[in-house]
Amino acid sequence: MTIAAVRLNHAVLFVSDLERAVTFWTRAFDMEVVTREPRANAAFLRLRRSGNHHDLGLFGLGAAAPARPRGSVGLYHLAWQVDTIEELEQARTTLANLGAYTGESSHGATKSIYGADPDGNEFEVMWMLPRSEWGAYENAAPVDRLDLAAELRRWGGVPTAGRIVTGENGR
């Protein structure tokens, strides 16, 4: 028997400076701080259009905490999905303005922008083709150059993230 999960609900990161991390994630993704837990030096953040209690937990360890070397065993990156290709273009601009942009690529069925937070935790912002358009990418995940201008011309205005939860205060 397997676990019947439907999606990843939230991620938790260890960070060296909690306030610096909160500032970064709220500026980059317009997240709101749901709550703080001072005893654990932690903050819990939610995306504005999320139906989750929180999407990201941050636990501050202090400046003396050792950094995990890139390429060592452990989490490589998180991937945040956007609804439209225009939102992916905006993500690239936002990350560049924050000095957090690290690259981009096309993986066939998904188009991706990459960044890193102030502690070097890498993340992806991705947009997925409509399921009916996966074609040859159904069982493939190439790493190709992203031509975002061409993707915008082809896919502009096409939402693919599914139902976005809204409620009080635009959530």
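Since the model is a prediction, treat every value here as computed from it, not as a measurement. Throughout, a residue's number is its position along its own chain's written sequence, starting from 1. Predicted model: local features are reported for residues with pLDDT of at least 70 only, side-chain atom pairs are reported and counted for 80 or more only, and whole-chain, interface and lining totals are derived from all residues. No hydrogens and no water enter the side-chain calculation; it runs on all heavy atoms of the structure.

1. Observations regarding the pairing of strand β4 (residues 56-60)
Inference 1: Of all five residues in β4, four are buried; the element is thus mostly enclosed.
Inference 2: Any two strands with at least two DSSP bridges between them are considered paired. By definition, any uninterrupted DSSP run of H or I lasting at least four residues is a helix, any uninterrupted run of E lasting at least two residues is a strand, and each is numbered from the N terminus. Taken together, the five bridges between strand β1 (residues 11-15) and β4 define a ladder with parallel strand orientation. When the sheet's bridge partners are listed, valine 15 is paired in β4 with glycine 60.
Inference 3: In the sheet, strand β3 (residues 42-46) pairs with β4 via four bridges, with the strands oriented antiparallel. Bridge pairing in β4 links phenylalanine 44 to glycine 57. Partly exposed residues are those whose accessible area sits between 20% and 50% of the maximum for their type, while under 20% is buried and over 50% is exposed, using a 1.4 Å probe and protein chains only.

2. Overview of the pattern of salt bridges
Inference 1: Whenever a carboxyl oxygen of Asp or Glu lies within 4 Å of a side-chain nitrogen of Lys or Arg, that contact is scored as a salt bridge. Enumeration according to the criterion identifies 12 salt bridges in this entry.
Inference 2: Through salt bridges that share partners, Asp30, Glu32, Arg46 and Arg48 make up one connected network.

3. Considering the nonpolar core
Inference 1: We call a set of buried residues a nonpolar core when its members are Ala, Val, Leu, Ile, Met, Phe, Trp, Tyr or Cys and they connect through side-chain atoms within 4.5 Å of each other. By size, the foremost hydrophobic cluster in this structure holds 34 residues, and its most contacted members are Trp25, Leu56, Leu58 and Phe123.
Inference 2: Of all the secondary structure elements, the ones that give two or more residues to this core are β1, α1 (18-29), β3, β4, β5 (77-81), α2 (85-97), β8 (122-128) and α3 (148-155).
Inference 3: Considering each element in turn, this core owes the most residues, seven residues, to α1.
Inference 4: Every residue pair with non-hydrogen atoms within 4.5 Å of one another is taken to be in contact. Not counting residues within four places of it along the chain, the set of residues in contact with tryptophan 25 comprises Leu13, Asp30, Met31, Leu45, Leu56, Leu58, Trp80, Asp117 and Phe123.

4. Some points on unusual backbone geometry
Inference 1: Here the phi dihedral of aspartate 30 falls at roughly 55°; this positive angle occurs in a residue that is not glycine.
Inference 2: With respect to the helices and strands, the residue aspartate 30 is situated in the loop between α1 and β2 (32-37).
Inference 3: At asparagine 41, a position not held by glycine, the phi torsion is positive, near 50°.
Inference 4: Relative to the helices and strands, asparagine 41 resides in the loop between β2 and β3.

5. Here's the deal with the environment of alanine 141
Inference 1: Its place among the elements puts alanine 141 in the loop between β8 and α3.
Inference 2: Along the primary structure alanine 141 and asparagine 9 are separated by 132 residues, whereas in three dimensions their C-alpha atoms are 23 Å apart.

6. Overview of the sheet that holds strand β7 (residues 110-116)
Backbone-to-backbone hydrogen bonds join strands into a sheet, with any given pair of strands oriented parallel or antiparallel.
Inference 1: Read across the open sheet, the four strands follow the order β5-β8-β7-β6; overall the sheet is mixed. The two strands at the open ends of the sheet, each matched to only one other strand, are β5 and β6 (101-106). With strand direction ignored, the average angle separating the axes of adjacent strands in the sheet is 20°.
Inference 2: Interaxial angles span 0 to 180 degrees and are taken between N-to-C directions of axes, which are lines fitted to C-alpha atoms, for helices over the stretch in contact. Set on the sheet, α2 makes contact with β6, β7 and β8; between it and β7 the angle comes to about 20°.

7. So, α1
Inference 1: Compared with the 16 Å implied by 1.5 Å per residue over 12 residues, the 16 Å span of α1 between its first and last C-alpha is a close match.
Inference 2: All of the buried residues along α1 are Leu18, Ala21, Val22, Phe24, Trp25, Ala28 and Phe29. Mapping the buried residues of α1 onto a view down its axis gives an arc of 165°, with all of them on the same face.
Inference 3: By the criterion applied in these results, polar contacts are pairs of N or O atoms within 3.5 Å in which, for protein atoms, one can donate a hydrogen and the other can accept it, and in which residues neighboring in sequence qualify only through two side-chain atoms. One side-chain oxygen of the residue at the start of α1 lies 3.2 Å from the amide nitrogen of glutamate 19, identifying that residue as aspartate 17. By definition here, a helix of n residues has an expected span of 1.5 Å times n minus one. Directions drawn from the helix axis to the C-beta atoms are what define this arc.

8. Things to note about the packing of aromatic side chains
By convention here, two paired aromatic rings are described through the distance between centres and the angle between planes.
Inference 1: Only the six-membered ring of Trp is used, alongside the rings of Phe and Tyr, when aromatic pairs are assigned; centres must lie within 6.5 Å, and planes under 30 degrees apart are stacked while those over 60 apart are edge-to-face, with the rest tilted. Within this structure, the stated rule accounts for 10 aromatic pairs.
Inference 2: With centroids separated by 5.4 Å and ring planes inclined at 85°, the aromatic side chains of phenylalanine 24 and tryptophan 25 adopt a geometry described as edge-to-face. We note that phenylalanine 24, like tryptophan 25, is buried.
Inference 3: Ring centres 6.1 Å apart and planes at 55° place the aromatic pair tryptophan 25 and tryptophan 80 in the tilted group. Linking tryptophan 25 in helix α1 with tryptophan 80 in strand β5, this pair joins segments that are 55 residues apart in sequence. The pair tryptophan 25 / tryptophan 80 is uniform in exposure class, with both members buried.
Inference 4: An aromatic cluster of three or more residues is present, and its members are Phe24, Trp25, Phe29, Trp80 and Phe123.

Worth remembering: the numbers are spatial, not functional.
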